[in-house]
Amino acid sequence: MIKKQRTTKETDISLELEIYGSGNSDINTGIGFFDHMLTALAKHSLMDIKLHCKGDLHIDDHHSVEDCGIVLGQAIKEALYPLGSVERYGNAVVVMDEAAVECALDLSNRAFLVYESHMNPKIGSFDSELVEEFFRAVAMNSGITLHLIKQRGTNSHHIAEATFKAFAVAFRRAVAKNDKIGIPSTKGVL
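Looking at an unreviewed UniProt entry, one finds the chain named Imidazoleglycerol-phosphate dehydratase, with Campylobacter vicugnae as its source organism. For the record of the chain, the UniProt heading Sequence similarities (unreviewed entry) holds the text "Belongs to the imidazoleglycerol-phosphate dehydratase family." For the chain, the Pathway (unreviewed entry) comment in UniProt is given as "Amino-acid biosynthesis; L-histidine biosynthesis; L-histidine from 5-phospho-alpha-D-ribose 1-diphosphate: step 6/9."

A.B. asks: How should the packing of aromatic side chains be read in this particular structure?
C.D. replies: For any two aromatic rings, the description comes down to two numbers: the centre-to-centre distance and the angle of the planes. Per the counting criterion, the structure on display carries eight aromatic pairs. Between F34 and F134 the ring centres are 5.4 Å apart and the planes differ by 75°, which places this aromatic pair in the edge-to-face class. Here F34 is found in helix α1 (residues 32-45), whereas its partner F134 is found in helix α3 (residues 129-142), with 100 residues between them in sequence. Residue F34 shares its accessibility class with F134, and that shared class is buried. Ring geometry for F135 versus F164: centroids 4.8 Å apart, planes at 55°, classification tilted. Taken together, the residues span a long stretch of sequence, with F135 in helix α3 and F164 in helix α4 (residues 156-174) at a distance of 29 residues. Classification of F164 as buried rests on a relative accessible area of 2%. Three or more aromatic residues joined by ring pairs form one cluster here, namely F33, F34, F126, F134, F135, F164, F167 and F171.

A.B. asks: Please explain the packing of helix α2 (residues 62-80) against α3 as it appears in this structure.
C.D. replies: Between α2 and α3, the shortest axis-to-axis distance is 7 Å and the interhelical angle comes to 30°. Overall, the two elements α2 and α3 adopt an arrangement that is roughly parallel. Relative to α3, the crossing made by α2 is right-handed. Contact residues: H62, V65, E66, C68, G69, I70, L72, G73, Q74, I76 and K77 in α2; L130, E133, F134, A137, V138, N141 and S142 in α3.

A.B. asks: Got a minute to help me understand the state of the cysteines in this structure?
C.D. replies: A disulfide bridge is the covalent bond that connects two cysteines by way of their sulfur atoms. Counted under the stated rule, the structure contains zero disulfides. Between C68, a free cysteine, and C53, which holds the nearest cysteine sulfur, the sulfur-to-sulfur gap is 4.0 Å. On the basis of relative accessible area, C68 is assigned to the buried category, the value being 1%.

Rules of the game
The written sequence of each chain sets the order in which its residues are numbered from 1. Two thresholds apply to this predicted model, a pLDDT of at least 70 for residue-level local features and 80 or more for giving and counting side-chain atom pairs, whereas whole-chain, interface and lining totals are computed over all residues. Values shown for side chains rest on all heavy atoms present in the structure; no hydrogens or waters enter the calculation. UniProt positions are given in the numbering used here, feature names are shortened, and annotations may be inferred rather than shown by experiment. In this analysis, rings of Phe, Tyr and Trp, with Trp reduced to its six-membered ring, are considered paired at centre separations within 6.5 Å, and the interplanar angle assigns stacked below 30 degrees, edge-to-face beyond 60, and tilted for intermediate values. A run of H or I in DSSP becomes a helix once it reaches four residues, and a run of E becomes a strand once it reaches two; helices and strands are each numbered from the N terminus. The buried label applies to any residue whose accessible area, calculated with a 1.4 Å probe on protein chains only, is under 20% of its type's maximum; exposed applies above 50%, and partly exposed to all values in between. Here an axis means a line fitted to C-alpha atoms, over the contact stretch when the element is a helix, while the angle between two N-to-C directions is reported on a 0 to 180 degree scale. Note on angle classes: values under 35 degrees are labelled roughly parallel, values over 145 roughly antiparallel, values of 65 to 115 roughly perpendicular, and the remainder oblique. Crossing handedness follows the turn of the near helix against the far one: under a right angle anticlockwise gives a left-handed crossing, and clockwise gives a right-handed one. Should any heavy atoms of two residues lie within 4.5 Å, those residues are counted as being in contact. In this description, the term disulfide denotes a pair of cysteine sulfurs within 2.5 Å.

Below you can see the structure in the form of structure tokens.
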């Protein structure tokens, strides 16, 4: 179990993360749609995530969403590296009705994000551009090379949810235990 606390002038975040959990979650960021996405991420990754954030929502949701991504990324990095005896690579295409989103990732300890998706600017009151900001923060702080590509879709709620679920499933596959692999790199370290 990894525990993280991050307090700034914009947010106060506490996180408990178990990479090899059961998909349980206790999420409260004050942003209903984001809570829904993080709950789906926990469920489909099988990570146990307890995340509480008090943010400056009177300004907007940006600081809270990005900072939650930072803290989650830091906790993932602490839990994973040095990497060994896992698959390392994961991919998934998740569909929600008309939407299909692909995620491919590498637990490379080299942060990179490719994000190719377009949605309507708002999902309810949630700024859809924050989906990219969240995953950028996760990737940059966890050391994951992450590609998220919308294959098709018109409903922004479906696209966003398929994005979170695709990441979850790909991540679950990448962290799957495989003792035969040892250190999954010809360099001998990740």
